Amino acid sequence: MDYNISHLKELESESIFILREVAAQFEKPVILFSGGKDSILMVYLAVKAFAPARVPFPLLHVDTGHNFPETLKFRDLLVEKYGLKLNVGYVQDAIDNGHVVEEQGFNSSRNGLQIYTLLDELEKGKYDAAMGGGRRDEEKARAKERFFSHRDEFGQWDPKNQRPELWNLFNGRKNFGEHFRVFPISNWTELDVWQYLAMENVPLPNLYLSHERDVIKRDGTLLADSEYLDKKPEEEVFKAQVRCRTIGDMTCTGVWESDAATVEDIIQEIATTRMTERGGRTDDKRSETSMEDRKKEGYF
């Protein structure tokens, strides 16, 4: 398959520049790792940016306890392959300690509960920059982000109080207790990510490829059946040939009916689809501003 190699290399160069800027400007950065393709891409770019030395940042994974098992298995293999340091914050600990209250009901999700655990882990680790795999084409709230996105001492985001980034000059100055979220792949699109991963032959979790899975249909969205899913009496489990387009909690991450068995198949599928990448995420459909509200509270 033919790719616009010069375009992909420009994106790669920009992201590597930003990763190196983070290493230069901050004392204790960390990579937020979800196990999805964007965070995998970011780790791969970090490996390139600092080779032959090891990546100078640890990974931080906020484990909700409702992950796809394949995600955790791939995470551990990736950490071992590149000799990375991994820190894990558990939402279940926050629930058990009474810091957050788990939602109840058929549409309950732990997605919002990640905020407490994320901010707690950033505070405990004294991290002054947290790098995430957010892209501007994903969702309208993420389109408002700068590369260097300032957070106040409470971890909150004010979209109206961001700093200009002219000529790729990044201002990482902050007051005590504040930190930055940094988004090295902001200018990438979903299609760019997949084309680059294909060009570089980057290994990925098999969740992204077509496979048979038990699912239910809820409000027009297919959800993978699991022990975490509270099913309504009328919801029946059936088998379908599906794949994940994004990877999150099993309770709120929709799967897509698809026969895409290779990355090249996925690229063709994305190029012709009209639904956005996060169109199957039920947590984004709770309100028109659900993502922005979570980001203001500390979500990445």
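No experiment lies behind these values; they were computed from the predicted model shown.

## Comments concerning the packing of helix α1 (residues 5–25) against helix α2 (residues 37–50)
Move 1: Where α1 contacts α2, the axes come no closer than 9 Å and their chain directions differ by 75 degrees. It follows from the interaxial angle that α1 and α2 lie roughly perpendicular. Of α2, the residues touching α1 (which contributes K9, E12, S15, I16, L19, R20 and A23) are M42, L45, A46, K48, A49 and F50.
Move 2: The residue inventory of the contact of α1 with α2, partitioned by class, reads eight nonpolar, one polar and four charged.

## Quick look at the packing of aromatic side chains
Move 1: Enumeration over the complete set of coordinates arrives at seven aromatic pairs.
Move 2: Arranged with centres 5.7 Å apart and planes meeting at 45 degrees, the rings of F26 and F148 form a pair that is tilted. Separated by 122 residues along the polypeptide, F26 in the loop between α1 and β1 (29–32) and F148 in strand β5 (residues 148–151) bring together distant segments of the chain.
Move 3: Residue classification places F148 among the buried positions, given a relative accessible area of 3%.
Move 4: Members of the aromatic cluster, each reached through a chain of ring pairs, are F26, F148 and F180.
Move 5: K28 extends its terminal NZ or CZ atom over the ring of Y127, reaching a point 5.5 Å from the ring centre.

## A word on α2
Move 1: Here α2 spans 20 Å end to end across 14 residues, near enough to the 20 Å set by a 1.5 Å rise per residue.
Move 2: Taking burial as the measure, the 14 residues of α2 include 12 buried ones, the bulk of the element.
Move 3: Restricting attention to buried positions, one finds in α2 the residues K37, D38, S39, I40, L41, M42, V43, Y44, L45, A46, A49 and F50.
Move 4: Turning to α2, the residues buried within the fold contact α1, β1, β2 (59–63), α3 (69–82), β4 (129–131) and α6 (190–200).

## Digging into the sheet that holds strand β8 (residues 221–224)
Move 1: Strand order in the closed barrel formed by four strands is β7-β8-β10-β9, with antiparallel pairing between adjacent strands. Across this sheet, the average inter-strand angle for adjacent strands is 70 degrees, counted without regard to direction.
Move 2: By the bridge criterion, five bridges tie strand β7 (residues 211–218) to strand β9 (residues 238–244) in an arrangement that is antiparallel. By the bridge assignment for β9, D214 is matched with K239.

## Thoughts on the environment of D76
Move 1: Structurally, D76 is set in helix α3.
Move 2: Take D76: its relative accessible area is 39%, and that puts it in the partly exposed class.
Move 3: Along the sequence, D76 and L86 sit 10 residues apart, while their C-alpha atoms lie 8.7 Å from each other.

About the cut-offs
Residues numbered from 1 in each chain as written. Predicted model: local features only at pLDDT ≥ 70, side-chain atom pairs only at ≥ 80, totals over all residues. Heavy atoms only, no water. Axes fitted to C-alpha atoms, helices over the stretch in contact; angles between N-to-C directions. Helix = DSSP H or I, 4+ residues; strand = E, 2+ residues; numbered from the N terminus. Parallel < 35°, antiparallel > 145°, perpendicular 65-115°, else oblique. Contact = heavy atoms within 4.5 Å. Nonpolar A, V, L, I, M, F, W, Y, C, P; charged D, E, K, R; others polar. Phe/Tyr/Trp six-rings, centres within 6.5 Å; stacked < 30°, edge-to-face > 60°. Buried < 20%, exposed > 50% of the residue type's maximum accessible area, 1.4 Å probe, protein only. Lys NZ or Arg CZ within 6 Å of the ring centre and 35° of its normal. Expected span 1.5 Å × (residues − 1). Pairing = 2+ DSSP bridges.

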